[in-house]
Amino acid sequence: MKITEHIASAKGKPLFSFELLPPIKGQSIQGIFNTIDPLMEFNPPFIDVTYLREDYIYKQHPSGLLEKVAYRKRPSTVATCAAIMNRYKVDAVPHLICGGFTKEETENALIDLQFLGIDNVLVLRGDARKSDSTFIPTPGGHAYATELLEHVVNMNNGVYLHDMMEGSEKTDFCIGVAGYPEKHFESPNLETDFKYLKRKVELGANFIVTQMFFDNNKYRIFVEKCKKHGINVPIIPGLKPITTRKQLVSLPKVFHLDIPLELSEAIEACKNPKDVKEVGIEWMIHQCKELIKLGAPVLHFYTMGNPEPTKRIIQGVF
Ligand code: FAD
């Protein structure tokens, strides 16, 4: 079922969903199931599975020579989605990224997804490889989420790459895109970011999932501005509780967001790691209750492979 249909059939009741990373190459799917199992009692209508671009590693030969090789650490987003759908009978939402794929490979992946009965995709540009300072598009691939989105929309209209066949089957993907209440870090300003977000919706995006944030005012203003720009699709807040003191530094660094002073001071005042976790969870429970009042259609959690804090939050909210 499409995410927009899940939201419509909930009739204003907020839904709960979450996101996980596919297993590291060489690990079993059981780790994923162990993350999902404790959260199934809350009936998530869909579960997102992220995609990680390939990176370069250096392999040392017996001669001492270093060889630079491309390596995909978590190659199995499509298979992970299939395993989740098969086991839990919920919708799995694969993240599709531009980086690391030619258009042909992207199209083949989308055909696989359609055959698997996957109804939703989240289309993204993807992050830069760790070994690159900026995002470098793959030769023959898409450079922006807008291009990838157009590709999916074309397939939804029955238009495939190099298509010489008449009457090609139309795919029917419900398409999500990313939004940034605190601005995408490469955008010169929020207005430019909105220009591209609006473009994504005009091209056919059906819903937006936001980057994480810790100040609901940022979400409220973002939603208001979206409306002002004529962006009227559901805006799903992406959420993650702070669970360690280190995240006061790592989350702003990696995700380009602000942590409110009240929260950072409360965490700095904690005497031990357990207290830090409690403060993070309490903050997020409060945030979620407010988001429900603000009309958030879904509370979407970045679990990072650790279901316990999300479980505590959902128990505290619903
Ligand atoms: P885009 O929409 O392409 O935007 C990138 C930048 O270019 C922005 O500054 C934008 O303003 C600008 N821009 C957009 N379109 C154009 C255009 N046509 N011309 C010129 N400039 C333009 N990363 C992963 O690698 N894997 C994941 O699974 C993943 N999941 C994510 C899930 C969510 C909910 C979010 C919020 C992010 C996720 N990311 C993921 C991170 C994301 O890939 C990065 O934030 C990336 O830097 C931007 O992706 P985007 O889709 O927003 O890019």
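Structural data are supplied above this passage.
Residue numbers run consecutively from 1 along every chain, following the written order of its sequence. The predicted origin of the model limits local features to residues at a pLDDT of at least 70 and limits the giving and counting of side-chain atom pairs to 80 or more, whereas totals for whole chains, interfaces and linings rest on all residues. As a rule here, side-chain values cover all heavy atoms of the structure and leave hydrogens and water aside.

**Focus: the side chain of Asn120**
Only DSSP runs of H or I reaching four residues or more are called helices, and only runs of E reaching two or more are called strands; each is numbered from the N terminus. Within the secondary structure, Asn120 is located in strand S6 (residues 120-124). Pairs of N or O atoms within 3.5 Å make up the polar contacts considered here, provided that, within protein, one atom can donate a hydrogen while the other can accept it, and that residues adjacent in sequence are counted only when both atoms are side-chain atoms. Engagement of the side chain of Asn120 in a polar contact is seen with the backbone oxygen of Met1, the distance being 3.0 Å. A distance of 2.8 Å separates a polar atom in the side chain of Asn120 from the backbone nitrogen of Ile3. A contact between two residues is defined here by any heavy atoms of the two lying within 4.5 Å. Those residues in contact with Asn120 that sit more than four places away from it in its chain are Met1, Lys2, Ile3, Asp91, Ala92, Val93, Pro94, Phe173 and Cys174.

**Some thoughts on the packing of aromatic side chains**
Ring pairs shown here join Phe, Tyr and Trp side chains whose ring centres sit within 6.5 Å, with only the six-membered ring taken for Trp; geometry is labelled stacked below 30 degrees between planes, edge-to-face above 60, and tilted in between. Counting across every chain of the model gives 7 aromatic pairs. Centre to centre, the rings of Phe33 and Tyr88 are 5.8 Å apart; their planes meet at 70°, and the pair counts as edge-to-face. With a gap of 55 residues between them, Phe33 in helix H2 (residues 30-36) and Tyr88 in helix H3 (residues 77-88) connect regions that are remote in the sequence. Categorising residues by exposure relies on relative accessible area from a 1.4 Å probe, with only protein chains included: less than 20% of the type maximum marks a residue as buried, more than 50% marks it as exposed, and the intermediate range marks it as partly exposed. Residue classification places Phe33 among the buried positions, given a relative accessible area of 8%. Ring geometry for Tyr51 against Phe101: centres 5.2 Å apart, planes inclined by 80°, an arrangement best described as edge-to-face. Highlighted residues: Tyr51 in the loop between strand S2 (46-49) and strand S3 (55-60) and Phe101 in the loop between strand S5 (91-97) and helix H4 (103-115), separated in sequence by 50 residues. Relative accessible area serves as the criterion here: at 17%, Tyr51 is assigned to the buried category. For Phe101, a relative accessible area of 13% gives the class buried. Clustering of aromatic rings is evident, with ring pairs tying together Phe16, Phe18, Phe42 and Phe301. In this scheme, the term charge over a ring applies when either NZ of a lysine or CZ of an arginine sits within 6 Å of the ring centre and within 35 degrees of the ring normal. A cation over an aromatic ring shows up here: Lys68 above the ring of Tyr56, its NZ or CZ 4.3 Å from the ring centre. Its end group placed over the ring of Phe33, Arg87 keeps NZ or CZ at 4.1 Å from the ring centre.

**Focus: the site of the ligand**
Contacts to the ligand come from 23 residues, most closely from Tyr51, His95, Tyr180, His184 and Lys200. With respect to the ligand, the side chain of Asp127 contributes an N or O atom lying 3.3 Å from an oxygen atom. A distance of 2.7 Å is found between an oxygen atom of the ligand and a side-chain nitrogen or oxygen belonging to Lys200. Against a free-state accessible area of 980 Å², the protein chains account for coverage of 88% of the ligand. Within the residue set of the shell around the ligand, elements represented by two or more residues are S5, S6, helix H5 (145-156) and helix H6 (190-203). Sorting elements by how many residues they give to the shell around the ligand places H6 first, with 3 residues. Taken together, the residues that form the shell around the ligand break down as 11 nonpolar, 7 polar and 5 charged. To be near a molecule or strand, a residue needs just one of its heavy atoms within 4 Å of it. Note on areas: these come from Shrake-Rupley sampling with a 1.4 Å probe, and a residue is covered only by the protein chains present in the view. Only Asp, Glu, Lys and Arg are considered charged, only Ala, Val, Leu, Ile, Met, Phe, Trp, Tyr, Cys and Pro nonpolar, and every remaining residue, Gly among them, polar.

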